[in-house]
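Architecture and fold: a report
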Amino acid sequence: LLKFIERPWFLPLVLIGTAVDCFILVFPADPIMFSLVWLKPKRWIFYSIAFAIGTAVGAGAFDIAFDTMGFHSLELSIRSLISPDSFQKMEEFFKNYGTWALGLIAFGPFPIQPMVLIASISKVPTAVMFSSVLGGRFLKNLVLCWLGSHAPDTLKKLIGQNKR
């Protein structure tokens, strides 16, 4: 990571990976973000914004792909697993609380992919999904990056005090 962090292609590649994570669920965005903050602690605000944008773009792209390509077989299989009454309640929930629910999930420690999928099936507008995920992830990343940027100094102080 240290070898590539200054290369102009590195951060865009990482952010593309963060966006694609909404589709494939295997990109370790948070550990990479932590590593970047530990290597460049003064850039913690920049990384929190950049990774939030990458995740929000991925959520929006997933929603657009879902709407454009249809993914009808996926939607039908999910609808077949959920009773029609429950599915109607889920759609109603997203109409009433979708923005806040997506934002809270994006802020929390849980993967956002299931919620993005359910929101797409429930026809939550792409702009709403993008802004909710952006807001939630930005706040989460802001907290995590701040902690990551201050952890090395705090650990040095703790270790230094224990040696005395």
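First, a word on what this report is: a plain description of the structure on this page. (Residues numbered from 1 in each chain as written. Predicted model: local features only at pLDDT ≥ 70, side-chain atom pairs only at ≥ 80, totals over all residues. Heavy atoms only, no water.)

Examined against the element boundaries, Phe27 turns out to sit in the loop between α1 (10-24) and α2 (29-39). On a C-alpha basis, the gap between Phe27 and Ile16 in space is 10.0 Å, while along the polypeptide they are 11 residues apart. The contact partners of Phe27, leaving out residues within four places of it in the chain, are Val14, Gly17, Thr18, Asp21 and Ile32. (Helix = DSSP H or I, 4+ residues; strand = E, 2+ residues; numbered from the N terminus. Contact = heavy atoms within 4.5 Å.)

The next point concerns the side chain of Arg137. For Arg137, the location among the structural elements is in helix α7 (residues 126-163). Lacking a salt bridge, the buried Arg137 has Asp30 as its closest oppositely charged neighbour, with an N-O distance of 4.7 Å. Reaching out from Arg137, the side chain makes a polar contact with the backbone oxygen of Ala106 at a distance of 2.8 Å. The contacts of Arg137, once residues within four sequence positions are left out, are Ala52, Thr55, Ala106, Phe107, Phe110 and Ile112. (Buried < 20%, exposed > 50% of the residue type's maximum accessible area, 1.4 Å probe, protein only. Lys, Arg positive; Asp, Glu negative; His and termini not counted. Salt bridge = Lys/Arg side-chain N within 4 Å of Asp/Glu carboxyl O. Polar contact = N/O pair within 3.5 Å; in protein donor to acceptor, adjacent residues only side chain to side chain.)

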